[in-house]
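Tertiary structure, described
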Amino acid sequence: MKIHKEGYATLGIVFASAVVIIGALFFLLPEHPAYYTSFTFLFVLVFIITLQFFRSPDKRILMDPENVLAPADGKVVVIEETVENEYFKDKRLQVSIFMSPFNVHTNINPVSGIVKFFRYHPGKFLVAWHPKSSTENERTSIVVHTPSHVEILFRQIAGALAKRIVWYVKEGQPVQQGSEFGFIKFGSRVDIFLPIGTKLLVNIGDKTTGGETVIAKIKG
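As a starting point, this report considers the structure included with it. (Residues numbered from 1 in each chain as written. Predicted model: local features only at pLDDT ≥ 70, side-chain atom pairs only at ≥ 80, totals over all residues. Heavy atoms only, no water.)

1. Here's the deal with the overall build of the protein chain
- Along its length, the protein chain carries 3 helices and 14 strands.
- By residue count, 45% of the 220 residues in the protein chain fall in the buried class.
- Of the contacts formed within the protein chain by residues at least 6 apart in sequence, a portion of 71% connects residues at least 24 apart.
- Summing over all exposed atoms, the protein chain offers an accessible surface of approximately 11100 Å²; the carbon and sulfur share of this is 63%. (Helix = DSSP H or I, 4+ residues; strand = E, 2+ residues; numbered from the N terminus. Buried < 20%, exposed > 50% of the residue type's maximum accessible area, 1.4 Å probe, protein only. Contact = heavy atoms within 4.5 Å. Areas by Shrake-Rupley, 256 points an atom, 1.4 Å probe, with all protein chains shown as cover.)

2. Some details on the environment of K5
- With respect to the secondary-structure elements, K5 resides in the segment before α1 (8-28).
- Relative accessible area serves as the criterion here: at 53%, K5 is assigned to the exposed category.
- Along the chain, K5 and F183 lie 178 residues apart, while their C-alpha atoms are 10.0 Å from each other.

3. So, the sheet that holds strand β8 (residues 165-167)
- Spatially, the 3 strands line up as an open sheet ordered β4-β10-β8, and their pairing is antiparallel. Each of the sheet's edge strands pairs with one partner strand only, and the pair in question is β4 (106-108) and β8. This sheet shows a mean twist of 20 degrees between the axes of neighbouring strands, independent of strand direction.
- Inspection of the sheet shows β4 paired to strand β10 (residues 180-184) by 3 bridges, in the antiparallel sense. Within the sheet, the bridge partner assigned to I108 lies in β10 and is E180. (Pairing = 2+ DSSP bridges. Axes fitted to C-alpha atoms, helices over the stretch in contact; angles between N-to-C directions.)

4. Notes on the sheet that holds strand β5 (residues 113-121)
- Overall, antiparallel pairing links the 8 strands, which are arranged β9-β5-β6-β7-β11-β3-β2-β13 in an open sheet. Of all strands in the sheet, those bounded by a partner on one side alone are β9 (174-175) and β13 (207-208).

Here it is as structure tokens:
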């Protein structure tokens, strides 16, 4: 199992903290082995959970300029027409994918093209399924202009547990469908805004695999 690069520091901190605490308990309370035995068990459990969170499985990307790929592993929780006020300032078709702490948290470029717009917004840490999380939580907004001259906006949104959003793109940069554009730690959401009339291939409640599930079809 591959580990994502964003996990190295966190796993190192968990491991080092456990070694220090278990060592201190062993030397300070040698007559109470139940204390450091119990903590060792707890550490192993926490380490395994953290390890699976930062796993980075191989993706089978099927590149197609008409496909919009899921930008994240998770569950489709919103499909609706809404006004996107930050960039388009008009009606768009919004699809939101909720990522639980048990999902892979790598974020995948849904389309190829040029990054036309990027913004980072500090903010709150409301639960990711809260209606106001997309406008009040810590988030990024990324717009990619595709070769077929369609613009797609996707937004990383931090959840109640996610305290760090990471991104690997900037304005003017070419991006390839299926490549990584970022990572969100511990429970979060990704919104994607498509032109009205886009043909959707998912429904609310569907499970998605980032970079593999085709959520919509677009044409220039």
